[in-house]
Each structure stands twice: as C-alpha cells, then as structure tokens.
Amino acid sequence: MRHQSRSYAVQALYQSEMLQSKSMLHCDRFLEQLETTDETKQFARELIDGTLTFRKQIDRSLRRNLDRWKLNRLNFVVRNILRLAVFEMCYHKQSSHQVVINEAIELCKDFVDDSSHGLVNSVLQKLYDEIQNPEKASSEKPDKNTAVSSESKSLEETDRKSTRLNSSHVRTSRMPSS
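Conventions we followed
- Per-chain numbering applies: the sequence of each chain, read as written, is numbered from 1 onward.
- pLDDT decides what is reported in this predicted model: residues at 70 or higher carry local features, side-chain atom pairs at 80 or more are listed and counted, and totals for whole chains, interfaces and linings draw on all residues regardless.
- In computing side-chain properties, one takes all heavy atoms of the structure into account and sets aside hydrogens as well as water.
- The term salt bridge refers to a pairing of a side-chain nitrogen on Lys or Arg with a carboxyl oxygen on Asp or Glu at a separation within 4 Å.
- The helix and strand labels rest on DSSP assignments: H or I over at least four residues marks a helix, E over at least two residues marks a strand, and numbering proceeds from the N terminus.
- When accessible area is computed with a 1.4 Å probe and restricted to protein chains, residues below 20% of their type maximum are described as buried, those above 50% as exposed, and intermediate ones as partly exposed.
- Polar contacts, as counted here, are pairs of nitrogen or oxygen atoms within 3.5 Å of one another; within protein the pair requires one atom able to donate a hydrogen and one able to accept it, and residues that are adjacent in sequence qualify only if both atoms are side-chain atoms.
- What pLDDT expresses is the predictor's confidence in each residue, scored from 0 to 100.
- What makes two residues a contact is simply this: any of their non-hydrogen atoms within 4.5 Å.
- What we call a nonpolar core is a set of buried Ala, Val, Leu, Ile, Met, Phe, Trp, Tyr and Cys residues that are connected through their side-chain atoms within 4.5 Å.
- All axes are obtained by fitting lines to C-alpha atoms, using only the stretch in contact for helices, and the reported angles, taken between N-to-C directions, cover 0 to 180 degrees.
- For classification, angles of less than 35 degrees are called roughly parallel, those exceeding 145 degrees roughly antiparallel, those between 65 and 115 degrees roughly perpendicular, and all remaining angles oblique.
- Residues are grouped as follows: Ala, Val, Leu, Ile, Met, Phe, Trp, Tyr, Cys and Pro are nonpolar; Asp, Glu, Lys and Arg are charged; all remaining types, including Gly, are polar.

A closer look at the pattern of salt bridges
And step 1. Applying the stated criterion across every chain, the model contains nine salt bridges.
And step 2. Here Glu-88 ties to Arg-6 by a salt bridge, and the two come within 2.7 Å at their closest N and O atoms. Here Arg-6 lies in helix 1 (residues 2-18) and Glu-88 lies in helix 5 (residues 76-90), a separation of 82 residues in the sequence. Each member of the pair, Glu-88 as well as Arg-6, carries the same accessibility label: buried.
And step 3. Among the salt bridges present, the one from Asp-28 reaches Arg-45, with a minimum N-O distance of 2.9 Å. Of this pair, Asp-28 sits in helix 2 (residues 24-32) while Arg-45 sits in helix 3 (residues 38-53), placing them 17 residues apart in sequence.
And step 4. The class for Asp-28 is partly exposed, based on a relative accessible area of 22%.
And step 5. Judged by its relative accessible area of 28%, Arg-45 is partly exposed.
And step 6. Taken together, the salt bridges that share partners define one network made up of Glu-17, Arg-55, Asp-59, Arg-79 and Arg-83.

So, in structure tokens, the structure goes:
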C-alpha cells in the first residue's frame, strides 16, 4: 500500500511540476481518478501536500547534498523522487531512513533508468548523515570566503616558492665558470 502511495505521489508531483503549480487542486483531481483504496489515496495525499508545502526547504537541502549536479538539471522524475524522500526523512518521520531510501531507489527503478538509483542513494544517505550529525556536516563544508582565502594562501605560497627557485637559478647562472 505505501509503495503504491509513493508511486502515486511521484506521479502527482511530476504533474504539478509540469503544470508549474504548487496547488493541491491538480493533485486531488489526479487522486480522485485512481481506482485504489482510500487509505492509499490518503497516504499519497499526505506525501504530496507535505512535499509541496516544504518544497523550498527540501530543495535547499537537496542543493547542499548534490555533488557536481544542479537540482534543476536533474530529470523531473528523479528530482521529485528525491523531494518526496527528503520530505519523508525530514518532516514525515513515519518510516526509517533505510525504508525511505530503499523506496526511493525502487521508485527510480519503476520510473527511470537503472543508473539514477545510485545518485538517489548517494544524495539521500548524505542528507541522512547531515541530519544525524549537523556539526560534522557544517565543519566539512567551508564557506566561500574560507575556501577563497585558503586557495589564495596556497597560490601565494606556490608563487613564493617559484620566485625562490627562479632567483636561485639566476644566482647560479651568474657564477663565473672555472
């Protein structure tokens, strides 16, 4: 029942994004057309409503945890699978993180190609680790100013070494030959 609800939620979130709407109106119409139990529809509706409600915060969390990817460059379906899973892990904590991650992987296998589940697994595990240990996550990510200043120091050090090497080369070349 829950897997089916998640599947319906991903479809509704996809539709919502394609229509560029954060309204539950389209999602409710979609759910009404389904021939399934009220319990399945209700759980799907909770997932959809929560994901749409917290979408801004969810997207911020995803951006922090996507390595070498931009959220808007992800496939629509993958992006919405990730959003749904982040909502469940962060706001709708009825299932363990292992179940949520596994369900997201299964949804990738159902709706997308087999290669996307690795990305989904990696991003969600990283997000879960960040949730469990926020101090470590924030200390691992230097802010832009720190990164720039350490990079500048490194460049300055390299420049000094290079200058010393060049000046020693110049001195040795000026020595008279015997």
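Focus on the side chain of Asn-65
And step 1. Inspection of the secondary structure puts Asn-65 in helix 4 (residues 55-65).
And step 2. Classification of Asn-65 by relative accessible area gives buried; the value is 2%.
And step 3. A distance of 3.5 Å separates polar atoms of two side chains, one belonging to Asn-65 and the other to Glu-130.

A look at the side chain of His-92
And step 1. As for its position among the elements, His-92 is in the loop between helix 5 and helix 6 (97-111).
And step 2. For His-92, a relative accessible area of 11% gives the class buried.
And step 3. Side-chain polar atoms of His-92 contact the side chain of Glu-46, separated by 2.9 Å.

Details of the confidence of the model for the protein chain
And step 1. Across the protein chain, the average pLDDT comes to 77, with 76% of residues at 70 or higher.
And step 2. The element-level mean pLDDT for the protein chain is lowest in helix 9 (residues 144-174), coming to 39, with helix 3 highest at 93.
And step 3. Scored below 50 in pLDDT, residues 142-178 shows one contact in the model against residues more than four places distant or in partner chains.

Considerations on the nonpolar core
And step 1. Ranked by size, the top nonpolar core spans 40 residues in total, and within it Ile-48, Ile-81, Leu-82 and Leu-124 carry the most contacts.
And step 2. The set of elements that each furnish at least two residues to this core consists of helix 1, helix 2, helix 3, helix 4, helix 5, helix 6 and helix 7 (116-132).
And step 3. A per-element tally of this core places helix 5 first, with nine residues.
And step 4. Those residues in contact with Ile-48 that lie beyond four places of it in its chain are Ala-9, Ala-12, Leu-13, Met-24, Cys-27 and Leu-31.

Re the packing of helix 4 against helix 5
And step 1. Two elements in contact, helix 4 and helix 5, have axes whose closest approach is 10 Å; the angle formed by their N-to-C orientations is 105°. As judged from the angle between their axes, helix 4 and helix 5 are roughly perpendicular. Together, Arg-55, Ile-58, Asp-59 and Leu-62 of helix 4 and Leu-82, Arg-83, Val-86 and Phe-87 of helix 5 make up the contact between the two elements.
And step 2. Taken together, the residues that form the contact of helix 4 with helix 5 break down as five nonpolar, no polar and three charged.

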